[in-house]
Amino acid sequence: MVRIVKIKPAKEVKKRCVCKGCGATLEYVPNEIKSYHGRDMSGGPDGREWIVCPNCNKDVTLRSW
Ligand SMILES: [Zn+2]
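What you see is a predicted model; the values in this text were computed from it and never measured. (Residues numbered from 1 in each chain as written. Predicted model: local features only at pLDDT ≥ 70, side-chain atom pairs only at ≥ 80, totals over all residues. Heavy atoms only, no water.)

Moving on: the packing of aromatic side chains. To describe a pair of aromatic rings, you give the distance between the ring centres and the angle between the ring planes. One pass over the full model with this rule turns up zero aromatic pairs. Across the ring face of W50, the terminal group of R48 is positioned such that the distance to the ring centre comes to 4.0 Å. (Phe/Tyr/Trp six-rings, centres within 6.5 Å; stacked < 30°, edge-to-face > 60°. Lys NZ or Arg CZ within 6 Å of the ring centre and 35° of its normal.)

What follows is the structure, encoded as structure tokens:
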């Protein structure tokens with residue numbers, strides 16, 4: 001059985017990025033990343049990963065393809 005030893009994310013999994021909307025430095029863990037996987041009009045892969053800035057509520061794109 002898995003037990004939670006501590007709930008605060010370890011620094012090993014935390015990542016940082018800067019919101020391009022308001023300039024805030026954001027810290028997030030992988031579970032907070034939202035992603036979209038789809039297809040573009042020519043059938044190729046299309047998608048992105050983003051987080052939502054808690055300061056300005058804008059999407060901050062981490063990766064797109
Ligand atoms: Zn922001």
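After that view of the structure, there is still more to cover.
In this section: the coordination of the zinc ion. Six octahedral donors at a metal ideally form angles of 90 or 180 degrees, and four tetrahedral donors ideally form angles of 109.5 degrees. Coordination of the zinc ion by the protein involves C19 (SG), C22 (SG), C53 (SG) and C56 (SG), with metal-donor separations of 2.3 to 2.4 Å. Around the zinc ion sit four donor atoms, and with donor-metal-donor angles ranging over 106 to 116° the site reads as tetrahedral. Counting along the primary sequence, the residues that act as donors to the zinc ion give the motif C-x2-C-x30-C-x2-C. The exposure class assigned to C53 is buried, which follows from its relative accessible area of 0%. (Donors = N, O, S within 2.8 Å, 3.2 Å for Na, K, Ca; no water. Tetrahedral: all angles 85-135°; square planar, octahedral: opposite > 155°, others 65-115°. Buried < 20%, exposed > 50% of the residue type's maximum accessible area, 1.4 Å probe, protein only.)

If you look at the biggest cluster of nonpolar residues, it comprises seven residues: C17, C19, L26, Y28, I51, C53 and V60. Sequence-distant contacts of C19, defined by excluding residues within four places in its chain, comprise A24, L26, C53, C56 and V60. (Core = buried A, V, L, I, M, F, W, Y, C linked by side-chain atoms within 4.5 Å. Contact = heavy atoms within 4.5 Å.)

Moving on: the environment of D46. Of note, D46 is situated in strand β4 (residues 45-52). For D46 and R63, which are 17 residues apart along the polypeptide, the C-alpha to C-alpha distance reads 11 Å. Sequence-distant contacts of D46, that is, excluding residues within four places in its chain, are made with Y36, H37, G38, R39, D40 and W65. (Helix = DSSP H or I, 4+ residues; strand = E, 2+ residues; numbered from the N terminus.)

As a further point, take unusual backbone geometry. The general pattern is negative phi for most residues beyond glycine and trans for most peptide bonds. We note that N57 has phi near 65°; this positive angle belongs to a residue other than glycine. One can find N57 in the loop between β4 and β5 (59-64). On the basis of relative accessible area, N57 is assigned to the exposed category, the value being 60%.

Reading across the sheet, the three strands line up as β3-β4-β5 and stay open at both edges, with antiparallel pairing between neighbours. Looking at the sheet topology across the chains shown, the edges are occupied by β3 (34-39) and β5. In this sheet, neighbouring strand axes are inclined to one another by 25° on average, regardless of whether the strands run parallel or antiparallel. (Pairing = 2+ DSSP bridges. Axes fitted to C-alpha atoms, helices over the stretch in contact; angles between N-to-C directions.)

Taken by themselves, the reported measurements are silent on function.
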